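What the coordinates show
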Amino acid sequence: MNLAVNNQSLVLALGLVMIALAIGWKEKLGIDRDMIIGVVRAVIQLFVVGYLLKYVFRIANIWLTAILIFIIIFNAGYNAKQRSGGIPKALPISVGAILISTGVTLGVLMLAGAIKFIPSQMIPISGMIASNSMVAIGLCYRNLNAQFKQERQAVLEKLALGADLKDASRDIVRASIKTGMQPTIDSAKTVGIVSLPGMMSGLIFAGVDPVRAIKYQIMVTFMLMSATSIGSVLACYWAYRGFYNERKQLQVPSN
Amino acid sequence: MVCNDFYAEGALTVSLLTLKNVGYQVGKQQILRDISLNIDAGEWVTFAGPSGSGKSTLARIIASLLSRTSGDLTFDGQPIDSYDPIAYRRRVSYGFQQPTLFGETVRDNLAFPYQIRQLPFDEQRAVTALEYVGLAATDLDKAVIDLSGGQRQRVALLRNVIIYPEVLILDEVTAGLDAENKAFVWSLIDHFNQDDGITILTITHDQSEITAAKRLVTIVDGQVVPGGAS
């Protein structure tokens, strides 16, 4: 291990948070409280998860691993739902989309022999996939809400001409899927040029040969591309119907 | 059964559209109340009244873009709720005051009604229709952003009728057009009614259109004005 992070260095690194807080205070951004809550939550959550993972890795039980993966997926779905702006059935849609996107991606990685069903591999990778899918779905929801408001007149006109809900919503759904996937695509384009992503950096910190580390990163890039595309497509196609009532009339959800 | 009882009460023939005590309420606000009308196939009914009187709401209810909150509405002898809304809207088409043109070209718009019915686009019919409304065959591939206001409204109207509906509801489609375009669009609507037999419901504020109305229904404060319906 090349990197030495001890409790003392963590406390000193807290100074970085002070810089952010000072900027927020000086610029009157009104985010001081959120920042403090964020930092406290991050520290507590990470400590809890660190000890939990240590325990889970040690006992290496298949069912416990599966339960933890489902908890990750449910939490990701719940958080994506929070960004839905009142879209009906957003929780089952989000959990379903993340479950399928994570399941398919993990399945392909396992079949390819890239990972094994052991907690030290499955849990972190599930977390990475589910969190990226969650962000993509959140962006999809935001875009669906914005577009259905902005394009209300065009949707009404399509309905008035006798378009079914899919035809009336097609452009919006496509734009929303694209919005959900865009950060992953942009990040894939710039990986290695602009950023050295977390997993690759972590491996290099830990002393792994960079050439070996990039292979992991390539795998991560592929899996995130798959997860965000499946998650975005499913969430958008399941969610757009929530913008219509049972008489197939446009209704923009109330927040 | 509801409509059979209704017709048994008095009407001798089945009107194409029948509204009986139709109302629309949002929260505590009553937008429309007790609207009762019979509209026969082939009629041209003009709805007039001040802004905010509920004319467009009524038109959207008839077009199934909104649902009434009280009363009965039947189309072709059947309650409107018994129709699939999509199939119904293909028979009862609604045109907007400031239409949004879809896609990039005129073709995208005239092909849309075919596309949603999964029918092949009849380009010859589209060209004939364009020439009829004073546009050229080459305008089929013209970018919609290059169309004038009058041309946009003509293309939008063609989009509504390129596959004939039975009823065409037009919500102030001549508003904002110059006199020449207004007269042209009005003559087109007359053609759809007289020559193609389409039942027309128009909403207007234009005094000359109100004066020329074949049948006028005046709506004030969400109600048909007594004597305002002819």
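Residues numbered from 1 in each chain as written. Chains lettered and ligands numbered in written order. Predicted model: local features only at pLDDT ≥ 70, side-chain atom pairs only at ≥ 80, totals over all residues. Heavy atoms only, no water.

1. Here we look at the domain arrangement of chain A
Residue and element names in this part refer to chain A. So the rule is basically this: Each domain's limits were defined by an automated method or a database of domain assignments. Here, residues are in contact when the closest pair of their heavy atoms is within 4.5 Å. Buried area is understood as the total, over both parts, of accessible area removed when two parts are fitted together, assessed with a 1.4 Å probe. The term salt bridge refers to a side-chain nitrogen of Lys or Arg lying within 4 Å of a carboxyl oxygen of Asp or Glu. N or O atoms closer than or at 3.5 Å make up a polar contact, with two conditions inside protein: a donor-capable atom paired with an acceptor-capable one, and, for residues adjacent in sequence, both atoms drawn from side chains.
The domains assigned to chain A are domain 1 (1–59) and domain 2 (61–243). For domain 1 versus domain 2, the distance between C-alpha centres works out to 26 Å. Contacts between the two partners involve nine residues from domain 1, matched on the other side by 10 residues from domain 2. Taking both sides of the interface into account, the surface hidden between domain 1 and domain 2 amounts to around 760 Å²; carbon and sulfur atoms contribute 79%. Counting the contacts that link domain 1 with domain 2 gives zero salt bridges. One can count one residue pair in polar contact (both at pLDDT 80 or more) joining domain 1 with domain 2.

2. Observations concerning the interface of chain A and chain B
To keep it simple, the criterion reads: Numbering of helices and strands starts at the N terminus; helices are DSSP runs of H or I of at least 4 residues and strands are runs of E of at least 2.
On the side of chain B, 27 residues touch chain A, which itself brings 17 residues to the contact. Taken together, the two surfaces of chain A and chain B that pack against each other cover about 1900 Å², and 54% of this comes from carbon and sulfur. Among the residues of chain A in contact with chain B, Glu157, Leu161 and Arg247 of chain A are the three that bury the most area, contributing 36% of the side total. For the pair chain A and chain B, the number of links is two salt bridges. One can count 12 residue pairs in polar contact (both at pLDDT 80 or more) joining chain A with chain B. Those elements that provide at least two residues to the side of chain A that touches chain B are α6 (152–160) and α7 (165–190) of chain A.

3. Examining the sheet that holds strand β1 (residues 17–26) of chain B
Short version of the rule: The pairing criterion is simple: DSSP has to find at least two bridges between the two strands.
Taken in spatial order, the four strands make up an open sheet running β2-β1-β4-β5 (chain B), and their pairing is antiparallel. Where the open sheet ends on each side, the last strands, each with one partner, are β2 (29–39) and β5 (78–79) of chain B.

4. Describing the environment of Lys149 of chain A
All names here are of chain A. Threshold: A 1.4 Å probe rolled over the protein chains alone gives each residue an accessible area, and that area as a share of the maximum for its type sets the label: buried under 20%, exposed over 50%, partly exposed in between.
Relative to the elements of secondary structure, Lys149 occurs in helix α5 (residues 119–150). On the basis of relative accessible area, Lys149 is assigned to the partly exposed category, the value being 46%. Each C-alpha atom, one on Lys149 and one on Leu46, is 39 Å from the other, the two residues being 103 residues apart in sequence.

5. So, the pairing of strand β7 (residues 167–171) of chain B
Residues and elements named next belong to chain B. Taken across its five residues, β7 has five buried, putting it largely inside the fold. Residues Val167, Ile169 and Asp171 line one face of β7 and the alternating positions Leu168 and Leu170 line the opposite face, and both faces are buried. Relative to β7, strand β6 (residues 92–95) runs parallel, the two being bridged by four bridges. Its bridge partner being in β7, Val92 is matched across the sheet by Val167. Relative to strand β8 (residues 199–203), β7 runs parallel, the two sharing five bridges. Each residue of the ladder has a partner; that of Asp171, found in β8, is Ile203.

6. Thoughts on the packing of aromatic side chains
Convention followed: A pair of aromatic rings is counted whenever rings of Phe, Tyr or Trp (Trp by its six-membered ring) have centres within 6.5 Å, and the orientation is called stacked for planes under 30 degrees apart, edge-to-face for over 60 and tilted otherwise.
Using the criterion set out here, one finds 10 aromatic pairs over all chains in the structure. Plain terms: the ring middles of Trp44 of chain B and Trp186 of chain B are 5.1 Å apart, the flat faces sit at 45 degrees to each other, and that makes the pair tilted. Taken together, the residues Trp44 of chain B in strand β3 (residues 44–48) and Trp186 of chain B in helix α7 (residues 179–194) connect sequence positions 142 residues apart. Here Trp44 of chain B matches Trp186 of chain B in class, with each residue buried. For the pair Tyr94 of chain B and Phe96 of chain B, a centre-to-centre distance of 4.7 Å together with 65 degrees between the ring planes defines the contact as edge-to-face. By relative accessible area, Tyr94 of chain B is classed as buried at 2%. One aromatic cluster is present, formed by Phe148, Phe243 and Tyr244 of chain A through successive ring pairs.

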